[in-house]
Amino acid sequence: MFPNMDHKELPRALQHIMERGRSTTVQAMPRRSFLKLAGTLGLAVGIFPDLAVAQSSEADAAAASLKPTEQPSAFVHIAPNGEVTVTINRLEFGQGVQTALPMILAEELDADWNLVRSQLGTNDIAYVDPLFGMHLTGGSNTIKNSFTQYRELGARVRAMLLAAAATRWNVEASTLRTEAGAVLASDGRKLGYGELAEAAMALPVPQKIALKDPKYFRIIGQPTRRLDAQAKSSGQQSFGIDFKLPGQLTAVVARPPVFGAKIATLDDSAARAVKGVKAVLRVPLDRGAEGVAVVADGYWQASQGRDALKVEWDTSAVEKVDSERQLAHYREMATRPGPRQFDSDMVPLETAPLKLEAEFVFPYLAHAAMEPLNCTVRLADDRAEIWMGSQSAGPDAAAAAAALGLKTEQVVLNVQMSGGGFGRRFSSTSDTVVEACEIAKAARSAGLNAPIRTLWSREDDMRGGYYRPMHLHHARIGFDKKGKVLAWDHSIVGQSILTGTVFEQFMVKNGIDAATTEGMRAPYPLPMRLTVHHPKDNVPVLWWRSVGSTHTAYVMETLLDDIARATDQDPVAYRMQLFGDQHIRHRDALQLAVDKSGYGKTQLSEGRAWGVAVHESFSSVVAYVVEASVADGQPRPGFTAIWPSTL
Amino acid sequence: MISLNINGREHEVDVDPETPILWVLRDTLGMSGTKFGCGAALCGACTVHLDGEAIRSCSTPVSAVESGKITTIEKTTDGTDRVGAAVHAAWVRHDVAQCGYCQSGQIMSATALLASLSPGAQPTAEEIDSAMAGNICRCGTYARIRAAIADAASTLV
Ligand code: FES
Ligand code: FES
């Protein structure tokens, strides 16, 4: 979904960006002042505003107020009836954080879980990832990075409720306790959180709070039904695509057949004649391209209008990628020397008793989220409101402001529930929101003053760009009869995802994009030489779900199986031996899957075979044992049974 | 003007007769429970019932359903339909939905299957598989979908 990046690397790497922006002395900031800051310091700080906050409060310890990410008012609202609404600082798109984060907060708040609701946030600075300092749903970081944050938020609100009750009853707060959404006094008096909330939230927010001993957790760690289960089982859940303002129009875009191409000639007379079509607009698109937006009452009319366009495209200035030529080029590159990620000492391959050579080709992959990309924009002279499923509300809002000629503080981006995303709802160019803003802007200049939702068709989603890059792996491995690897010479060829993004300077080192190679070698103690080539092709690429692991896990695990088979060893035993005593989680995960499956004990019927794999990605170790159907020595699509385990 | 019977109510809509019902539901009538996934009868997100049978609303023009009765997720899960209520309850019980975007369509295919069985009959695994074959879930909730259907059927005995 997003590169496996250590947040600890960020501040150092960002020093000089920060320096450039720090022409103004920043005071410790009250909540909601981020937008002003980003406006004066520009985009770089806008993307990592929290770092500015951190640095400035270090510089000015006297004004040691809480950071925006620590302010309860941005995250918790308690209604008079006791309902607790928790605002989450991420996009919910199926991973369940709209339930998990409220659970964490409710735990320390001692809330009544039945009264807990949740909602998504905005591009407000309060909703940045507290460690990265930018709005980000990715990298499997939500719980990891916001666990303590949401506990502290809950604990702060609880302390404020206790203080409010103490004042109301004129007793010491220390004599009071809380339970399931109420404050209780030692004499049996009781006040629901709803009755105390108004007074409590007006109190100063405590700096220091104590957190529960985990042994008293009663919500965290309990299997809990998703808060959105009812709505999502009845058509009642509103997704970004369902958001509708009065008078809202729908736009679809005719995109060029080659990325970055422009319009040569346009005849839109038939399109304009389609009933319901309100405007046909030439708009700038991602990668310097040009497209035609058709704006209409609804999607059907807009797409009918688009079908009726007569466009000739000028593709003369852009590279036209040809799959066959590209593959031949990648094959040739794989034989060349290049920068090395690993450069182990190894014996010459020729001297190894046994050898194998393998090539793997992975195609470009679209994210293909179930809910097509969409973005609704309402423009006024001095302001824009945006509704979209965004994994990165801050950068998206900043990019929208730039496209619209507005200041960042004039843009509000309301994060919408999304039908999947897999990384596509955070692109380094913010292409979806920028395109929607260009359309809204062009419509407004053409006199069309209506909120506009830009909607991608499924075909747009497949053809319109941003893919997991195509990769070619080439491996030559030498090993002995016991399966001990003596030399592993490996090349990967694939476009860099992070080059040209804000992550380049700390994720691309010596010409190697860490997102390409993650998942290679580790945890196996192999002598490996890994050469990496990043060709430049005119295809927009992006992180896709587990990023590098989408190809490296397959390659590593397949090759280990090949070695095990060539040396007549059991694939589980072979891996266990490689893990040794070093990689306990890998061992345990594999053992768990083996135990669940009956691998090695159950005799499979004719035409069936076992498959095993173990991989670590984003701090989780996952093992699989599968029972697959085999025909003519090849596995058939689909598994007969799967035993996964995660540690 | 085209007359439509949707969820037991008559509607008059002024649209091109070729307009797929999906867009009449979503854009003209503001009923957003039925989802757009592909627009090409490939994913099942837009599934509704026409006279009790599951159809792909993205690829069925309104002109083709004028004489029929359309039922959408909003009606099927509002508690008034016995099969729909059982399916809805099983979906919640099994916490089926992840992103949830495909689930309106899944539930409509599942209810069409269960409503088509003779009273008390339990669907076989093959019947469930074939009824659900046209519904894609990008989150991969298939195992829970199948379990929830079997569970819902067992509560309908
Ligand atoms: S939207 Fe109708 S089948 Fe996909
Ligand atoms: S729950 Fe996400 S597509 Fe099915």
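What you are looking at is a predicted structure, and each value in this text was computed from that prediction instead of being measured. Residue positions are counted from 1 within each chain, in the order its sequence is given. The lettering of chains begins at A and the numbering of ligands begins at 1, in the order of writing. Owing to the predicted nature of the model, reporting of local features is limited to residues with pLDDT of at least 70; listing and counting of side-chain atom pairs is limited to 80 or more, with chain, interface and lining totals taken over all residues. Excluding hydrogens and water, the side-chain values take into account all heavy atoms of the structure.

Peer 1: Just checking my understanding: could you explain helix H19 (residues 584-597) of chain A for this structure?
Peer 2: Side chains three or four residues apart in an α-helix point the same way, a direct result of the helix having 3.6 residues per turn. All names here are of chain A. Runs of E in the DSSP output that reach at least two residues are strands. Runs of H or I that reach at least four are helices, and both are numbered from the N terminus. To estimate how far a helix should reach, multiply one less than its number of residues by 1.5 Å. Look at H19: 20 Å from first C-alpha to last across 14 residues, which is about the 20 Å you get at 1.5 Å a residue. For H19, the set of buried residues is His586, Ala589, Leu590, Ala593, Val594 and Ser597. Viewed along the axis of H19, the buried residues span an arc of 130 degrees, placing them on a single side of the element. For this analysis, residues touch if any pair of their heavy atoms sits within 4.5 Å. Close packing links the buried residues of H19 with helix H18 (571-579), strand E25 (608-617), strand E26 (620-631) and strand E27 (634-646). Positive backbone phi, at 80 degrees, marks Gly598, one or two positions downstream of H19. In this scheme, a residue with accessible area under 20% of its type's maximum is buried, one over 50% is exposed, and one in between is partly exposed, where area comes from a 1.4 Å probe on protein chains only. This arc is built from the directions going out from the helix axis to the C-beta atoms.

Peer 1: In this structure, what is going on with the sheet that holds strand E1 (residues 76-78) of chain A? I would like to understand it.
Peer 2: All names here are of chain A. Two strands are said to pair when DSSP picks up at least two bridges between them. The strand order across the open sheet built from three strands is E1-E2-E3, with neighbouring strands paired in mixed fashion. Either end of the sheet is taken by a strand with one partner, and the two such strands are E1 and strand E3 (116-120). Neighbour-to-neighbour, the strand axes of the sheet open up by a mean angle of 25 degrees, direction not taken into account. In this sheet, E3 lies alongside strand E2 (residues 84-88) in parallel orientation, the contact comprising five bridges. Each bridged residue has a counterpart across the sheet, and for Val84 the counterpart in E3 is Val116. Every axis in this analysis is a line fitted to C-alpha atoms, fitted for helices over the stretch in contact. Angles between the N-to-C directions lie between 0 and 180 degrees.

Peer 1: Honestly, the domain arrangement of chain B in this entry has me stumped. Any pointers?
Peer 2: Residue and element names in this part refer to chain B. Start and end points for every domain follow an automatic or database-based domain assignment. Annotation of chain B at the domain level lists domain 1 (2-75) and domain 2 (77-155). Taking the mean C-alpha position of each, domain 1 and domain 2 sit 20 Å from one another. Each partner contributes to the interface: domain 1 provides 18 residues, whereas domain 2 provides 14 residues. Across the interface of domain 1 and domain 2, roughly 1,300 Å² is buried in total on both sides, 51% from carbon and sulfur atoms. Here the quantity called buried area is the accessible surface, traced with a 1.4 Å probe, that two parts lose on coming together, added over both.

Peer 1: For this particular structure, what's the right way to read the packing of aromatic side chains?
Peer 2: Centre-to-centre distance and the angle between the planes together describe a pair of aromatic rings. Residue and element names in this part refer to chain A. Side-chain rings of Phe, Tyr and Trp (the six-membered ring for Trp) are treated as a pair once their centres are within 6.5 Å; stacked means planes under 30 degrees apart, edge-to-face means over 60, and tilted covers the remaining angles. Taken as a whole and assessed by the stated rule, the structure comprises 18 aromatic pairs over all chains. Taken together, the aromatic side chains of Phe426, Phe503, Phe506 and Trp543 make up a single cluster linked through ring pairs. By definition, being over a ring means that NZ of Lys or CZ of Arg is both within 6 Å of the ring centre and within 35 degrees of the ring normal. Here the guanidinium or amino end of Arg255 rests over the ring plane of Trp456, the centre of that ring lying 3.8 Å away. We note Arg468 situated over the ring of Trp544; from NZ or CZ to the ring centre the distance is 5.9 Å.

Peer 1: So what exactly am I meant to see when it comes to the packing of helix H12 (residues 393-404) of chain A against helix H13 (residues 431-445) of chain A here?
Peer 2: The angle between the axes and the distance between the axes are what describe a pair of packed helices. Residues and elements named next belong to chain A. Packing of H12 against H13 brings their axes to within 9 Å, and their N-to-C directions diverge by 30 degrees. As far as their axial angle goes, H13 and H12 are roughly parallel. In this structure, H12 meets H13 at a crossing whose hand is right-handed. In this structure, H12 contributes Asp396, Ala399, Ala400, Ala403 and Leu404 to the contact, and H13 contributes Val433, Val434, Cys437, Glu438 and Lys441. Note on residue categories: nonpolar means Ala, Val, Leu, Ile, Met, Phe, Trp, Tyr, Cys or Pro, charged means Asp, Glu, Lys or Arg, and polar means any other residue, Gly included. Partitioned by chemical class, the residues of the contact of H12 with H13 number seven nonpolar, no polar and three charged. Here the word oblique covers every angle except those under 35 degrees (roughly parallel), over 145 (roughly antiparallel) and from 65 to 115 (roughly perpendicular). Crossing handedness follows the turn of the near helix against the far one: under a right angle anticlockwise gives a left-handed crossing, and clockwise gives a right-handed one.

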